[in-house]
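Observations on the model geometry
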Amino acid sequence: MIDIKFVREQFPALERDFVFMDNAGGSQVLKQVTNKITEYLLHSNVQLGASYAVSQEAGDRLKASTQVVSELINASRPEEIVIGSSTSMLMRILSLSISKNWVKGDEIIVTNTDHEANVSPWTDLEKSGFIVKIWQVNPESLELDIKDLEDLLTENTRLVAVTHASNVLGTINPVKQFAQMVHKAGALICVDGVAYAPHRKVDVQELDADFYTFSWYKTYGPHLAMMYGKYDLLKELESINHYFIDKDAVPYKLQPGNFNFELTYAVSGITDYFAELHDHHFDGKDLQFKEKLNKTYELISTHEEKLATRLLDYLNSVSEIKIIGQPSAAAEKRVPTISFVHKNFRSNEIVEAVDPHHIGIRFGDFYAKKLIQDLQLEDNIGVVRVSLVHYNTLEEVDKLIEVFKTIFKS
């Protein structure tokens, strides 16, 4: 079992008399992360690339941080990591750059389950003569049918944009299977991992993703994001940096103005924590970081499944409630981002009734607007979303359930 006391001690915000259950919107930050931000600013706050010692030290710190990030997601080399301010910005950069290598009439496939970060950058390309197709979720199963993808793919398809886990449905998509079909058709796959990365191990080589993006501020870190891209593909992209930056300068050509130094360094606090979480629970302190990750994420997913089971068991017992997504808590099927609607209440009414109890949950479309529209949930004011992570406790879930019972009188 996870040592929840140890876990919660790593997150200073959890000392407050407040229950954080809007984690898909932004998780709480590790003290290891805030310590590293302070450390960098106080001791390494210089420009990179100079000949003097402090600049060299700062560069070494950032290289080490990028290296451990590449190990976290199993990239083949650190240069495959592009740092940016947000997933939305990185997707926009990718779309602007990669589309310069396409011709009018080329096709892009997006889903109606994704956050707009992985939709709008592609649909906006219609203005430039590209064709965008929508891969619709099955309205009954609320899953993406791979047969529908097969029907959409043509010899003109250049890229398929899909989410690893929906930030509304919580459903984990079989990205590796999608990638195999996309590559067979001669296209590329771009994966939004924002709602997946806080909960499960990301292995970009195992998935065979061409591009994979997520945000650190939803993964226990600072307001920063990263995009993985296969090195050969990144080299082919047009530079969006200054004219004198070499096209082969990967990833710098995709990081105009460079990246945020202190936040990039601080990301290594997340990987430090994952290693510490392993060492606190298991033998094998001398194992390589990659070897520790498997057990760390197993520990996290097992605990999160217990949390999701407790909440979903209650929600499934209320006949007026409809789960928007997988009704099962099985860790292989979903992450603990749980959305629902109630027959007798609008979603905002439920959340506003919860607010006085010092529990943070949320309502709305969560920028997955096409999904909410296609499921005809706009009149409900979207869904109620309870997004849990491994620092939440069963006691917190029980507290929320008791509040729900007073609202629903069940």
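Scroll up to find the structure this text is about.
Below you will find a few notes about this structure. Quick caveat, the model's predicted, so the values are computed rather than measured. (Residues numbered from 1 in each chain as written. Predicted model: local features only at pLDDT ≥ 70, side-chain atom pairs only at ≥ 80, totals over all residues. Heavy atoms only, no water.)

Concerning the overall build of the protein chain
A tally of helices and strands in the protein chain yields 15 helices and 13 strands. Taken over the C-alpha trace, the protein chain has a radius of gyration of 21 Å; the compact-globule value for 410 residues is 22 Å, and the two agree within 12%. Taken over the C-alpha atoms alone, the protein chain extends approximately 65 × 50 × 35 Å along its principal axes. Residue pairs at least 24 apart in sequence account for 67% of intrachain contacts in the protein chain once pairs closer than 6 positions are excluded. For the protein chain, the accessible surface area stands at approximately 17400 Å², while carbon and sulfur atoms represent 49% of it. (Helix = DSSP H or I, 4+ residues; strand = E, 2+ residues; numbered from the N terminus. Rg over C-alpha atoms; globule rule 2.2 N^0.38 Å. Contact = heavy atoms within 4.5 Å. Areas by Shrake-Rupley, 256 points an atom, 1.4 Å probe, with all protein chains shown as cover.)

Focus: the environment of Ala197
Tracing the backbone through its elements, the reader meets Ala197 in the loop between strand 6 (188–192) and helix 8 (204–207). Residues Ala197 and Trp216 lie 19 residues apart in sequence; the distance between their C-alpha atoms is 8.9 Å. Once residues within four sequence positions are removed from consideration, Ala197 is found in contact with Val202, Phe214, Thr219 and Tyr297.

Let's talk about the sheet that holds strand 4 (residues 131–135)
In a beta sheet, neighbouring strands are held together by backbone hydrogen bonds and run either parallel or antiparallel to one another. Across the sheet, seven strands lie side by side as 2-8-7-6-5-3-4; this open sheet has mixed pairing. Since the sheet does not close on itself, it has two edges, and those belong to strand 2 (81–84) and strand 4, each with one partner. With strand direction ignored, the average angle separating the axes of adjacent strands in the sheet is 20 degrees. Relative to strand 6, strand 5 (residues 157–163) is paired through five bridges, and the arrangement is parallel. Opposite Thr163, over in strand 6, you have Asp192 as the bridge partner. (Pairing = 2+ DSSP bridges. Axes fitted to C-alpha atoms, helices over the stretch in contact; angles between N-to-C directions.)

Concerning the packing of aromatic side chains
Under the definition given, this model contains 19 aromatic pairs. Judged by centre distance (6.5 Å) and plane angle (75 degrees), the rings of Tyr212 and Phe214 are edge-to-face. By relative accessible area, which is 0% here, Tyr212 ends up buried. The exposure class assigned to Phe214 is buried, which follows from its relative accessible area of 2%. A connected cluster of aromatic rings, assembled from ring pairs, spans Phe11, Tyr220, Tyr273, Phe274, Tyr297 and Tyr391. Above the ring of Tyr231, the side-chain terminus of Arg77 is found at 3.7 Å from the ring centroid. (Phe/Tyr/Trp six-rings, centres within 6.5 Å; stacked < 30°, edge-to-face > 60°. Buried < 20%, exposed > 50% of the residue type's maximum accessible area, 1.4 Å probe, protein only. Lys NZ or Arg CZ within 6 Å of the ring centre and 35° of its normal.)

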